[in-house]
Amino acid sequence: MSGHSVLQLPVPALEGWVRERTGHYDAAFVSTDPRFGHAHITALGPFAPSPSRRDLDTVAALAATTAPVRVRLGGLAQFPDGIIHLVPEPDVRLRELTARLVAAFPAWPPYAGEFGSDVRPHLTLDAASDGVDLASTAALLADLLPTDVELDRLQLAWWEAGRCHVMHEWPLTGGGA
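Below is a summary of the structure that appears in this document. (Residues numbered from 1 in each chain as written. Predicted model: local features only at pLDDT ≥ 70, side-chain atom pairs only at ≥ 80, totals over all residues. Heavy atoms only, no water.)

A look at unusual backbone geometry
Part 1: Each neighbour pair has its own omega, and for Glu89 with Pro90 the value is -10°, a cis peptide bond.
Part 2: Note that Pro90 resides in the loop between strand E4 (83-89) and helix H3 (92-104).
Part 3: With an omega of -5°, the peptide bond between Leu145 and Pro146 qualifies as cis.
Part 4: Within the fold, Pro146 resides in the loop between helix H4 (134-140) and strand E6 (147-151).
Part 5: The phi dihedral of Tyr111 is positive, around 55°, even though this residue is not glycine.
Part 6: Even without a glycine there, the phi angle at Ala112 is positive, about 55°. (Helix = DSSP H or I, 4+ residues; strand = E, 2+ residues; numbered from the N terminus.)

Structural notes on helix H2 (residues 53-64)
Part 1: Look at H2: 16 Å from first C-alpha to last across twelve residues, which is about the 16 Å you get at 1.5 Å a residue.
Part 2: The set of residues buried in H2 consists of Asp55, Leu56, Val59, Leu62 and Ala63. Projected down its long axis, H2 shows its buried positions confined to an angular sector of 120°, all on one face. In H2, the exposed positions angled more than 90 degrees off the buried face are occupied by Arg53 and Arg54.
Part 3: On its buried face, H2 sits against strand E1 (4-10), strand E2 (40-47), H3, strand E7 (153-159) and strand E8 (165-171). (Expected span 1.5 Å × (residues − 1). Buried < 20%, exposed > 50% of the residue type's maximum accessible area, 1.4 Å probe, protein only. Arc of directions from axis to C-beta. Contact = heavy atoms within 4.5 Å.)

Thoughts on the environment of Ser31
Part 1: As for its placement among the helices and strands, Ser31 is situated in the loop between helix H1 (15-25) and E2.
Part 2: Taking the C-alpha atoms as reference, Ser31 lies 25 Å from Val69; in sequence the two are 38 residues apart.

Focus on the sheet that holds strand E5 (residues 123-127)
Part 1: Spatial strand order, E5-E4-E3-E6: four strands in an open sheet with antiparallel pairing. In the strand order of this sheet, the two ends are held by E5 and E6, each with one partner. The mean inter-strand angle of the sheet, taken between neighbouring strand axes irrespective of direction, is 35°.
Part 2: Bridging between strand E3 (residues 69-78) and E4 involves six bridges; their strand directions are antiparallel. Of the residues in E4, the one forming a bridge with Arg72 is Glu89. (Pairing = 2+ DSSP bridges. Axes fitted to C-alpha atoms, helices over the stretch in contact; angles between N-to-C directions.)

Things to note about empty space enclosed by the protein
Gaps left between atoms are located by rolling a probe of water-molecule size over the structure's atoms.
Part 1: All told, the structure shown has one cavity of 30 Å³ or more when counted by the stated rule.
Part 2: As a volume, the largest cavity reaches approximately 70 Å³.
Part 3: Every residue lining the largest cavity is listed: Thr42, Ala43, Leu94, Thr98, Pro110, Tyr111, Val119, Arg120, Pro121 and His122.
Part 4: At the level of secondary structure, the elements contributing two or more residues to the lining of the largest cavity comprise E2 and H3.
Part 5: Tallied by class, residues from the lining of the largest cavity come to six nonpolar, three polar and one charged. (1 Å grid on protein atoms, 1.4 Å probe; cavity = no way out; pocket = protein on both sides within 12 Å on 5 of 7 lines; lining within 4 Å. Points joined across faces, edges and corners; volume = space filled by probe spheres on them. Nonpolar A, V, L, I, M, F, W, Y, C, P; charged D, E, K, R; others polar.)

Thoughts on the sheet that holds E2
Part 1: Strands sit in the order E2-E1-E7-E8 across an open sheet of four strands; the sheet is antiparallel. Looking at strand neighbours, the two that pair on one side only are E2 and E8, the edges of this open sheet. Put simply, the sheet's adjacent strands are angled 20° from each other on average, direction ignored.
Part 2: Here five bridges tie E1 to E2, and the two strands are oriented antiparallel to one another. Paired with Ser5 across the strands is Phe47, a residue of E2.
Part 3: Along the sheet face, H2 touches E1, E2, E7 and E8 and points at about 45° away from the line of E8.
Part 4: On the sheet, H3 packs against E1 and E2 and is oriented at approximately 15° with respect to E2.

Spelled out as structure tokens, the structure:
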């Protein structure tokens, strides 16, 4: 299979910037679906490529018991593989959401288990290269960061060249903050 699904929390405040960077690397991954969150924090991915009705109902129930998550995006970091990303603060509720999804769907460990159990919530921005590093990315984002955002929906998104789209979407409506 050439594509994969992801349960993600879209971040509209950075959508334009991330969409533009996505197009810089591979325009085939720029979605024509206006709901699609190029800028997002992954809650669980990859996920079932063809989720059952029961899977979708389970995700809906989890979204219904999850309150919107407020985070500040401002701190830049880089993973060992060169991925430059924003670190949401605080990240406790994002980690809890991922843990709840993993408990409900143990066959779909985060990132196929590649990074073990300590999966760090993040918003991917760019990839380090000869002309791209933390400092250059920070300079490009200077007018946008830091930003406080409320993550208020969970998307089941399909990522595939020429076919990126939202498969399902659920509002986060649970009580508490």
